[in-house]
Amino acid sequence: MRRRDVVFGIGGLSAAPMFQRVQQLTEKQLNTPTFQGPITCVAGVRPYRRHSFRLEREHVPSRPNKFLVHNYGHGGAGISLSWGVATKVRDLVKAHVQTISARDVAVLGSGVIGMTTARLLVDLGLRVTIYARDPWEKTTSAVAGGQWAPSKVDCADVQLAKDVMKISYQRFVADMGSRYGISKVPNYTKLPQKDLDTVIDLFGPDTLIPARETVQRLPFGHNMGSGFLYETLLIEPPIFLKQLRAELDANQVAVKHAVFSTPQDVFELPENIVVNCTGFGARELWDDKDVVPVKGQLAMLPPQPNLNYLFSRSGHMFPRKDAVVIGGTEEPCIENNTAVPAVCQDLVDDIKGVFGVSPMIERLPFHIDHPSKVDEVTPLIGGGPPHFNRCTQVQH
Ligand SMILES: Cc1cc2nc3c(=O)[nH]c(=O)nc-3n(C[C@H](O)[C@H](O)[C@H](O)COP(=O)(O)OP(=O)(O)OC[C@H]3O[C@@H](n4cnc5c(N)ncnc54)[C@H](O)[C@@H]3O)c2cc1C
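Because the structure is a prediction, the values reported are computed rather than measured.

J.: Can you break down helix α4 (residues 194-203) residue by residue, with the values?
T.: For α4, the buried fraction is high: nine of the ten residues fall into the buried class. Restricting attention to buried positions, one finds in α4 the residues Lys 194, Asp 195, Leu 196, Asp 197, Thr 198, Val 199, Ile 200, Asp 201 and Leu 202. Buried residues belonging to α4 abut α3 (158-174), β9 (212-215), β10 (227-235) and β18 (380-381). Directly after α4, the chain includes Gly 204, whose backbone phi takes a positive value near 95°.

J.: Can you lay out helix α8 (residues 341-354) for me, pointing to particular residues and giving the numbers?
T.: With 14 residues, α8 extends 20 Å between its outermost C-alpha atoms, agreeing within 8% with the 20 Å of an ideal straight helix rising 1.5 Å per residue. Looking only at α8, the buried set comprises Cys 344, Asp 346, Leu 347, Val 348, Asp 350, Ile 351 and Lys 352. Backbone geometry just after α8 places Gly 356 at a positive phi near 75°.

J.: Account for unusual backbone geometry, naming residues and giving values.
T.: Most peptide bonds take the trans form, and the phi angle of most residues other than glycine is negative. Put simply, Gly 327 and Gly 328 share a cis peptide bond, and its omega is -20°. Turning to its location among the elements, Gly 328 is positioned in the loop between β16 (324-327) and β17 (331-332). Unlike most non-glycine residues, Lys 152 shows phi in positive territory, near 50°. As for its placement among the helices and strands, Lys 152 is situated in the loop between β6 (127-132) and β7 (154-155). Unlike most non-glycine residues, Asp 206 shows phi in positive territory, near 60°. Note on placement: Asp 206 falls in the loop between α4 and β9. Using a count of 12 C-beta atoms within 10 Å as the deciding quantity, one classes Asp 206 as exposed.

J.: Explain the packing of helix α1 (residues 78-97) against helix α2 (residues 112-122) to me, and be specific about the residues and the numbers.
T.: Between α1 and α2, whose axes approach to 8 Å, the crossing angle comes to 40°. The orientation of α1 relative to α2 falls into the category oblique. Helix-helix and strand crossings are classified by hand; for α1 and α2 the assignment is right-handed. Between α1, through Gly 78, Ile 79, Ser 82, Trp 83, Val 85, Ala 86, Thr 87, Val 89, Arg 90 and Val 93, and α2, the contact on the second element is made entirely by Val 112, Ile 113, Thr 116, Thr 117, Leu 120 and Leu 121. Grouping the amino acids of the contact of α1 with α2 by side-chain chemistry returns ten nonpolar, five polar and one charged.

J.: Explain the sheet that holds strand β4 (residues 67-72) to me, and be specific about the residues and the numbers.
T.: The strand order across the open sheet formed by six strands is β3-β4-β12-β5-β6-β11, and the pairing between neighbours is mixed. If you trace the sheet from one side to the other, it starts and ends with β3 (54-58) and β11 (254-257), each paired once. Across the sheet, the mean angle separating the axes of adjacent strands is 20° when strand polarity is ignored. Across four bridges, the pairing between β4 and strand β12 (residues 273-276) is parallel. Following the sheet pairing, His 70 is matched in β12 by Asn 276. Where α1 meets the sheet, its contacts fall on β3, β4, β5 (104-108) and β12, and the angle it forms with β4 comes to roughly 175°. With respect to the sheet, α2 is in contact with β4, β5, β6 and β12, its orientation differing from that of β6 by roughly 170°.

J.: Tell me about the packing of α1 against α3, residues and numbers included.
T.: The geometry of a pair of packed helices is captured by two quantities: the angle between their axes and the separation between those axes. Running from N to C, α1 and α3 cross one another at 115°; their axes reach a closest spacing of 7 Å. Our classification of the angle between α1 and α3 gives roughly perpendicular. For the element pair α1 and α3, the recorded crossing hand is right-handed. Of the residues in α3, those in contact with Ser 80, Leu 81, Ser 82, Trp 83, Gly 84, Val 85, Thr 87 and Lys 88 of α1 are Asp 163, Val 164, Met 165, Ile 167, Ser 168, Arg 171 and Phe 172. Residue composition of the contact of α1 with α3, grouped by class: seven nonpolar, five polar and three charged.

J.: Account for the site of the ligand, with residues named and values stated.
T.: Around the ligand, the structure places 41 residues, and the nearest of them are Gly 78, Gly 111, Gly 279, Gly 281 and Gly 296. Those elements giving two or more residues to the shell around the ligand turn out to be β2 (40-49), α1, α2, α7 (281-285) and β13 (291-301). Class assignment of the residues belonging to the shell around the ligand gives a composition of 17 nonpolar, 21 polar and three charged.

Calculation rules
Residues numbered from 1 in each chain as written. Predicted model: local features only at pLDDT ≥ 70, side-chain atom pairs only at ≥ 80, totals over all residues. Buried ≥ 20, exposed ≤ 12 C-beta atoms within 10 Å, placed from the backbone. Helix = DSSP H or I, 4+ residues; strand = E, 2+ residues; numbered from the N terminus. Contact = placed C-beta atoms within 7 Å. Expected span 1.5 Å × (residues − 1). Axes fitted to C-alpha atoms, helices over the stretch in contact; angles between N-to-C directions. Parallel < 35°, antiparallel > 145°, perpendicular 65-115°, else oblique. Left-handed = near helix turned anticlockwise from the far one by under 90°. Nonpolar A, V, L, I, M, F, W, Y, C, P; charged D, E, K, R; others polar. Pairing = 2+ DSSP bridges. Near = placed C-beta within 6 Å.

This is the structure we're talking about:
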């Protein structure tokens, strides 16, 4: 049993969390990953949006019969926030369909945002068609690691941020189990995990997620010194997205291949209710220059079922059914999703050093936990100068 003591009582959104606990007794030692086997390298582009993700109706004067809602720009947190933002869209559409007879809805995009949105619109009794350039297997959503954490995402509206975090987290908890690939897991970190600290500050300790604990010695064979323990969710994207797609199929939601170049292309669709969930694609399609690409790469090692914890904030290690995910990089302003094997090898070599499996190496600037990047993971809730503000031109 762990003894827990509350040791602090003040804090702010950007400071240390209001409450943390000190773990007094040493944990049982946990298995160290082997870091062996072939590395599969994957990459995706996080659709970060300055100031806030976009969740609103747009009135189009030239198309008064179109009810258009935007739902994109969730940065490094699209999986985590998906059910929350989808619920907000459902509520907007629900209010609209009470006033009209239209029942056909087009959802643009088949990533996690498009599929969760479509899933909730089906529950309203609407006929939903998804139009997308890429099937879910080829989206950024399928590349995500899968930790529930609102990282690299802005939301100027504090209440909206709290609503979507809470709705989403609670929906994932309700769906926990192997069917959706969702589990509650301990998350050991070397440094404070500022995105989870923000959640603890926003809601209070033990309200949405448990308070963080200070761990005097991290419970690994190699002595990493002190660290922190959080509890969060692991949502395994390959399982979760496949299950979502199966439920859409079971509800006769057609998924049609389509590539939209301009809003006019979108307005030519037969459906008068349209929800735009095109993620990073919205930068080009809706000419939204507040959407900034933040490329991320992950190394996938063969699965290791003896690992039952997450490790973050000195590199990360997420043991999933399909792979042990080693991350990651943060490469702002780069919009290609080309995986670079040498970069993934570096990610693995870096975390091997952290776990004492081989000598520590110098951390490279693209590493997500490079000292120059430590603040960029913190979600900007309630306003402030956006991260990645200096990205005026994107590299292809
Ligand atoms: C390396 C990495 C790790 C991550 N880890 C996590 C994590 O642990 N937890 C977490 O919550 N989030 C994580 N994320 C972030 C998460 O993956 C994204 O926020 C999320 O996938 C965005 O979902 P989306 O549905 O908006 O976009 P996407 O998944 O990119 O889907 C967009 C859809 O729109 C379609 N589309 C785009 N443009 C057009 C067009 N012009 N015409 C037709 N269709 C179009 C695409 O084909 C696609 O179907 C990570 C991201 C990366 C890159």
